[in-house]
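Summary of structural features
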Amino acid sequence: MKKETRSQVVERLDRLEKRIAELNQQLSLLVDAVVTSKQKNFKTGEEVMAFYGRDKKQNADIVQEMFKKIGISGKPIPAEELQARMAKSGIRAEDNEFSRAIIEEREK
């Protein structure tokens, strides 16, 4: 990986943060459309995970409904298998800006 200047890193991080915010907004809209009963206002991600972690069947149903709404079909595969398939097809995580950020965070 080539050496980046500070301004390039800042610019890349800014793009990444904006894209994540967009994805969070889209996901929120999907969840609102799928979850029919409004839940309490959570203050942290930990509270959300604790609440929804109680009912795995309901969670699976919500995810399946969201997938249906966005056009995803088929049976899910484990992340490791997906990564192996991607590598076999020549897709390198290091070439993807989002994946690089994840890799960098894991290596800290």
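Given the structure is predicted, the values throughout are model-derived calculations rather than measurements. (Residues numbered from 1 in each chain as written. Predicted model: local features only at pLDDT ≥ 70, side-chain atom pairs only at ≥ 80, totals over all residues. Heavy atoms only, no water.)

**Some thoughts on the overall build of the chain**
- Along its length, the chain carries 5 helices and 0 strands.
- Listing every helix and strand of the chain by position from the N terminus yields α-α-α-α-α.
- For 108 residues, the compact-globule formula gives about 13 Å, and the C-alpha radius of gyration of the chain, at 17 Å, lies well above that figure.
- Dimensions of the chain along its principal axes, counting C-alpha atoms only, are 50 × 35 × 25 Å.
- By residue count, 9% of the 108 residues in the chain fall in the buried class.
- Residue pairs in contact within the chain that sit at least 24 positions apart in sequence constitute 52% of those at least 6 positions apart.
- As displayed, the chain offers around 9,500 Å² of accessible surface, 56% of which is attributable to carbon and sulfur atoms.
- Charged side chains of the chain number 22 positive and 19 negative; the gap between the two group centres comes to 2 Å. (Helix = DSSP H or I, 4+ residues; strand = E, 2+ residues; numbered from the N terminus. Rg over C-alpha atoms; globule rule 2.2 N^0.38 Å. Buried < 20%, exposed > 50% of the residue type's maximum accessible area, 1.4 Å probe, protein only. Contact = heavy atoms within 4.5 Å. Areas by Shrake-Rupley, 256 points an atom, 1.4 Å probe, with all protein chains shown as cover. Lys, Arg positive; Asp, Glu negative; His and termini not counted. Charge placed at Lys NZ, Arg CZ, Asp CG, Glu CD.)

**Some points on a nonpolar patch on the surface**
- Together, Ile-77, Leu-82, Met-86 and Ile-91 give the surface a local cluster of nonpolar side chains, amounting to about 310 Å² of exposed area.
- Locating Ile-91 in the fold gives a position in the loop between helix H4 (79-88) and helix H5 (97-106).
- Looking at Ile-91, the relative accessible area reads 48%, which means it is partly exposed. (Patch = residues over 30% accessible without salt bridge, like charges linked within 9 Å, V, L, I, M, F, W, Y side chains within 5 Å. Salt bridge = Lys/Arg side-chain N within 4 Å of Asp/Glu carboxyl O.)

**As for the environment of Arg-15**
- Structurally, Arg-15 is set in helix H1 (residues 6-34).
- With 82 residues separating them in the primary sequence, Arg-15 and Glu-97 have C-alpha atoms 9.7 Å apart.

**Description of the pattern of salt bridges**
- For the structure on display, the rule yields 7 salt bridges.
- Of the charged contacts, one joins Glu-11 and Arg-15 as a salt bridge, the two residues approaching to 3.4 Å between their closest N and O atoms. On the criterion of helical spacing, the pair formed by Glu-11 and Arg-15 is a turn pair, its members being 4 residues apart in helix H1.
- Two residues, Lys-18 and Asp-14, come together in a salt bridge whose shortest N-O distance is 3.2 Å.

Note that every value here comes from positions in space, so none of it alone points to a role or purpose.
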